[in-house]
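In case you want the letters, here they are:
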Amino acid sequence: VGGTAATSVQWVSDSSIWCVTAGGIGTNDVSMSLAGATSVFQAAFSYASPVVSSLTPSWALSSGGSTVTVNGRHFSPFAHNVSVRLGSTECNSSAWLSDSALTCVVSPGAYIDLPVTVTIQQSYDPSVRVNSTLQRGFSYSSGSCADILKYEPASPSG
């Protein structure tokens, strides 16, 4: 699937096989080889689309430089090229951590309730890209106590 061998394949009948994919992103071709003959089924398999569910923390100082974790699912079980945008501003750097987590080093910016857009690009086929957007997922703060309290609840100890 998508140029990556299945981790397990089982013959079911003359008209079907069962396989476990190694994981990936996007819509991929499926190729099957048997007795030296190969068949390719174009765009025959799609992985679940990525979903951004939250950021930790969900705010950063407007000066930038903080690292936030983008939480979600279906980011792929393998490292791929990723980019994260907070509103229209791309993070200084973005990195894949796992199928459910990415990191973003926040660029300087402003505004609150910005959309967070993740783009994942296959390492071995850059033409395959998938996106996910979380609306109103991130806010910048000037750093004043009043602004910070808008985004962080007060602790029980005061």
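Residues numbered from 1 in each chain as written. Predicted model: local features only at pLDDT ≥ 70, side-chain atom pairs only at ≥ 80, totals over all residues. Heavy atoms only, no water.

A. Geometry of the sheet that holds strand 11 (residues 101–105). As summarised here, the arrangement of the four strands in space is 5-7-11-10, forming an open sheet in which the pairing is antiparallel. Each edge of the open sheet carries a strand with a single partner, namely strand 5 (51–56) and strand 10 (93–98). Strand-to-strand twist in this sheet, taken as the mean axis angle between neighbours without regard to direction, amounts to 25 degrees. (Pairing = 2+ DSSP bridges. Helix = DSSP H or I, 4+ residues; strand = E, 2+ residues; numbered from the N terminus. Axes fitted to C-alpha atoms, helices over the stretch in contact; angles between N-to-C directions.)

B. Structural detail: the side chain of Asn 28. Mapped onto the elements of the fold, Asn 28 is located in strand 3 (residues 27–34). A polar atom in the side chain of Asn 28 sits 3.1 Å from the side chain of Gln 122. Every residue in contact with Asn 28, bar those within four places of it in the chain, is listed here: Val 1, Gly 2, Ala 43, Ala 44, Phe 45, Tyr 47, Gln 122 and Tyr 124. (Polar contact = N/O pair within 3.5 Å; in protein donor to acceptor, adjacent residues only side chain to side chain. Contact = heavy atoms within 4.5 Å.)

C. Geometry of the sheet that holds strand 9 (residues 89–90). The strand order across the open sheet formed by five strands is 6-13-12-8-9, and the pairing between neighbours is mixed. A single partner strand is all that each edge strand has here, and the edge strands are strand 6 (59–61) and strand 9. Here strand 6 runs beside strand 13 (residues 129–141); their pairing, made up of three bridges, is parallel. Opposite Ala 60, over in strand 13, you have Tyr 140 as the bridge partner.

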